[in-house]
Amino acid sequence: MYKYDAIDQTIVDERVAQYRDQTRRYLAGELSDDEFRPLRLQNGLYIQRHAPMLRIAVPYGMLASKQMRKLADITKKYDRGYGHFSTRQNLQINWPKLEEVPEILAELATVEMHAIQTSGNCIRNITTDQFVGIAPDEVVDPRAIAEIMRQWSTFHPEFALLPRKFKIAVSGTKEDRAVVQMHDIGLEFFKDSANELRIKVWVGGGLGRTPILGTVIEESLPWQHVLSYCEAIIRVYNIHGRRDNSYKARIKILVKALGIEEFKKQVEAEWSHLKNGSLTITEAELNRVAQHFDQMPYETLPVHDSSFDAAVASNPAFAAWVKRCVHAHKQTGYRAVTLSLKPHGKPPGDITTEQMHVVADLADAYSFGELRASHEQNLILADVKLSDLFAVWEKARAAGLATPNIGLLTDIICCPGGDFCSLANAKSIPIAEAIQMQFDNLDYLHDIGELELNISGCMNACGHHHVGHIGILGVDKDSEEWYQVSIGGKQGNDASLGSVIGRSFAADEMPSVIQKLIEVYVQQRTPEERFIDTVRRLGLAPFKAHVYGEKEAA
Amino acid sequence: MSQLIKHNTIVADDWTRVIPPTLGDEVVRKQAGKIVLFKLHGEETFSQAQIDATDIPATGKIILPLPVWIARKATLGTRMAAGEIGILVATHEPIEHLTEAFPDLNVLPLIAVFVERFADGRNFTIGNWIRTRYHFKNELRAVGDVLRDQLFFLKRSGYDSYLIRADRNAQEAIASLNDFKQPYQGATDDVPVWRRLNRSQL
Ligand code: SF4
């Protein structure tokens, strides 16, 4: 966990004062709606269907237990007793009062939290892999650099009003879990043959109306230059990105219009002025920031724990949970645990005040007081001893946090959709719930195996439907809610965008449509194939045929 | 009452902004700078007729739009030499138009950047370039849709005078120039905080 110093604390405190005054001026009529909008958005405040929505920053997904308790208190005091983890590792609360937001921010500031740049046309929360620092396949722990970038991007004066939002992801593992290709800038850290830390820089990825995977703009950037290089990219974008049409304003459109060669040429020209200037990160600064992250006091443990092995052997429910929710750790005798926020029939990513307290207690008791949020909208206890797993499971299960469905069909990524979001074409949460109920049989669910199902309520793609193995998109047909289904999307190193299977469906058809897609897979799969592999091998045709059947032929 | 903020206070504005007249003819839309691949950004520029019809006051300090200066500079040499002419650039104008017209920007006593809409953040990059790349040392002014909550960013991007939109309280806006004491990142006014202060001693 990054710990604030006096500089960090002063900045969030000054921000609270600034936003308090902006809210006051708005309520006094000194700021118009249009003028207040970018100000509140840069502070994570949306005006939604029923009420404002406040998005609280969880930088690169890391949370301390005391922060989780504060969030729990906030959901109780200012909201309706629950919060929602978003696909950007942030926490959203759906029912705050606009006038109370400055108070909420003041409370957050007491635990080194804020809502800075969680929305608006600026550099957003920098995201990373939820297993950062503990993954066995990690080459580099990118957290110190992510923190340096967080500081650099916070109230960056030149990039305060970009053409559109700007998202940066960092990854330091072989298997990319931060979906760097889906971001405006993706930074993939690696060690070169001389064991020097380098960065492969991707640019112009993004979902939304025009889904595009990023392109490599720089194969091997020395890490010291990451800020100046990003600044060069964003400067070219700030000047040349479109501002006349918000659907064409993301950097991906600029990169595509110019072509990566020309774009790179312009970036390099800019960079030549910035490189080796004061933006260069020094080894000393990297070390200083790294020291703000605790070194975990790991114990020396054996590879096996007999009580754990016995529990797995004798308790099938525990074994199923271990299989899905427990992950490898680079420290011997430790595991990472995913607490599922996807119980069947509940809105994906939602967590109640009481559950937040349970999670904070679990973190304190078993995981050095730290938590992480994943972009799949679950929570992680990163450092649990093998011998503690059974106790963690029992407590998590009692709190409804141990559904053994991580990575399975019901671990649905889902945006808030039409229940909350004013941009939505259609509701998304009830679709997720209906599908979860359709596949409520755990044996069947495990037999189907790894499958990512993502739902967005509109083209903005907050639910990342393009990269779901199955993607569902809410569409509007004559003011009715319909759903378009795509298959074959994937995140990771071999990312791909899904293809739409055909005409869209009404809400009540959706569970059976998913059922039919699964039937084709179960029938056609080879023993080692996951759903996505079968789709890639067979293409759309057999899935289409089974879903639409004779109806389409007629 | 003046709306001009300079040196943390309200000062009288001795510059007059020259605005080309709107004529009945078709609006000319501007291509987006050096990027010819983009068709139209929908940004208006002045037509030749507008430039020709622009009424330039005979005396006093005036701020001229760059295209007006370029078209009519032949008759304005002495006034330029007398330091009576400042230049106004629009955020969609390529910076090269300015630097080609004035290879040494410091011949100008004042450059103004016209912010058409407050959400247009190009003025920040433009300010940064004018200060750091082209080493302009005289007055850099933000005019147009200039509101209190951009001031801190404008200041850090190299601006040193701000003409607050007429319907807003300029006096109160001054406070926002100092919203943050120690911003994190470097900008035209300072290096990054970790180079500015010894953070490990805090
Ligand atoms: S995808 Fe659309 S409906 Fe869903 S949260 Fe985003 S904007 Fe709202």
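Residues numbered from 1 in each chain as written. Chains lettered and ligands numbered in written order. Predicted model: local features only at pLDDT ≥ 70, side-chain atom pairs only at ≥ 80, totals over all residues. Heavy atoms only, no water.

## A look at the packing of helix α6 (residues 226-240) of chain A against helix α8 (residues 260-274) of chain A
All names here are of chain A.
- It is at 8 Å that the axes of α6 and α8 come closest, and there the two elements cross at 120 degrees. Taken together, the axes of α6 and α8 lie oblique to each other. Every pair of crossing elements has a handedness; the one defined by α6 and α8 is right-handed. Of α8, the residues touching α6 (which contributes S228, Y229, E231, A232, I233, R235, V236 and H240) are F263, Q266, V267, E268, E270, W271 and L274.
- Partitioning the contact of α6 with α8 into residue classes produces eight nonpolar, three polar and four charged. (Axes fitted to C-alpha atoms, helices over the stretch in contact; angles between N-to-C directions. Helix = DSSP H or I, 4+ residues; strand = E, 2+ residues; numbered from the N terminus. Parallel < 35°, antiparallel > 145°, perpendicular 65-115°, else oblique. Left-handed = near helix turned anticlockwise from the far one by under 90°. Contact = heavy atoms within 4.5 Å. Nonpolar A, V, L, I, M, F, W, Y, C, P; charged D, E, K, R; others polar.)

## Some thoughts on the packing of aromatic side chains
Residues and elements named next belong to chain A.
- Under the criterion given, the structure shown has 25 aromatic pairs over all chains.
- Ring geometry for Y229 against W271: centres 5.0 Å apart, planes inclined by 85 degrees, an arrangement best described as edge-to-face. In this pair, Y229 is assigned in helix α6 and W271 in helix α8, connecting sequence segments 42 residues apart.
- Judged by its relative accessible area of 0%, Y229 is buried.
- By relative accessible area, which is 8% here, W271 ends up buried. (Phe/Tyr/Trp six-rings, centres within 6.5 Å; stacked < 30°, edge-to-face > 60°. Buried < 20%, exposed > 50% of the residue type's maximum accessible area, 1.4 Å probe, protein only.)

## Section: the site of the ligand
- Residues in close proximity to the ligand include C415(A), P416(A), G417(A), C421(A), L423(A), A424(A), S456(A), G457(A), C458(A), N460(A), A461(A) and C462(A), which together make up its full environment.
- Taken together, the residues of the shell around the ligand break down into eight nonpolar, four polar and no charged. (Near = heavy atom within 4 Å.)

## Points about the environment of V203(A)
All names here are of chain A.
- Considering the arrangement of structural elements, one finds V203 in strand β9 (residues 197-203).
- With 23 residues separating them along the chain, V203 and V180 place their C-alpha atoms 8.9 Å apart.
- When residues no more than four places from it in sequence are discounted, the contact partners of V203 are D184, I185, G214, T215, I217, I233, I251, V255, I260 and F263.

## Considering helix α9 (residues 283-290) of chain A
- Buried within α9(A) we find E285(A), L286(A), R288(A) and V289(A). An end-on view of α9(A) places all buried positions within 160 degrees of arc, on one side of the element. What points out from α9(A), more than 90 degrees from its buried face, is the exposed set E283(A) and A284(A).
- Each element contacted by the buried residues of α9(A) is listed here: α5 (143-153) of chain A together with α8 (193-196) of chain B. (Arc of directions from axis to C-beta.)

## Section: the nonpolar core
Residue and element names in this part refer to chain A.
- Membership of the largest hydrophobic core comes to 164 residues, with the highest contact counts inside it found for L187 and F263.
- With 10 residues, the top contributor of residues to this core is α6.
- When neighbours within four sequence positions are excluded, L187 is seen to be in contact with M149, I168, A169, V170, S171, V180, I199, K200, V201, V226 and C230.
- The next biggest cluster of nonpolar side chains, apart from the first, holds 38 residues, and it includes I412, I435, I518 and V535. (Core = buried A, V, L, I, M, F, W, Y, C linked by side-chain atoms within 4.5 Å.)

## As for the interface of chain B and chain A
- Between chain B and chain A, the residue contacts involve 44 residues of the former and 51 residues of the latter.
- Interface of chain B and chain A: buried area, both sides summed, is about 4,400 Å²; carbon and sulfur atoms make up 58% of it.
- Where chain B meets chain A, there are nine salt bridges.
- R199(B) serves as the salt-bridge partner of D8(A), at 3.1 Å between the closest nitrogen and oxygen.
- Where chain B meets chain A, there are 27 residue pairs in polar contact (both at pLDDT 80 or more).
- Mapped onto the side of chain B that touches chain A, the elements with two or more residues apiece are β5 (40-45), α5 (122-133), α6 (151-156) and α8 of chain B.
- Looking at the side of chain B that touches chain A, the element that brings in the most residues is α5(B), giving seven residues.
- Residues of the side of chain B that touches chain A, tallied by class, amount to 21 nonpolar, eight polar and 15 charged. (Buried area = accessible area lost by both parts, 1.4 Å probe. Salt bridge = Lys/Arg side-chain N within 4 Å of Asp/Glu carboxyl O. Polar contact = N/O pair within 3.5 Å; in protein donor to acceptor, adjacent residues only side chain to side chain.)

## Some words on the domain arrangement of chain A
Residue and element names in this part refer to chain A.
- When cut into domains, chain A gives domain 1 (6-109), domain 2 (135-290), domain 3 (306-398) and domain 4 (413-553).
- Placing a centre on the C-alpha atoms of domain 1 and another on those of domain 4 gives a separation of 33 Å.
- Counting residues at the interface gives 10 residues for domain 1 and 11 residues for domain 4.
- In this assembly, domain 1 packs against domain 4 so that about 850 Å² is buried in total across both faces, 48% of it on carbon and sulfur atoms.
- Between domain 1 and domain 4 we count zero salt bridges in total.
- There are one residue pair in polar contact (both at pLDDT 80 or more) connecting domain 1 and domain 4.
- Considered class by class, the residues forming the side of domain 1 that touches domain 4 number three nonpolar, six polar and one charged. (Domains from an automatic or database assignment.)

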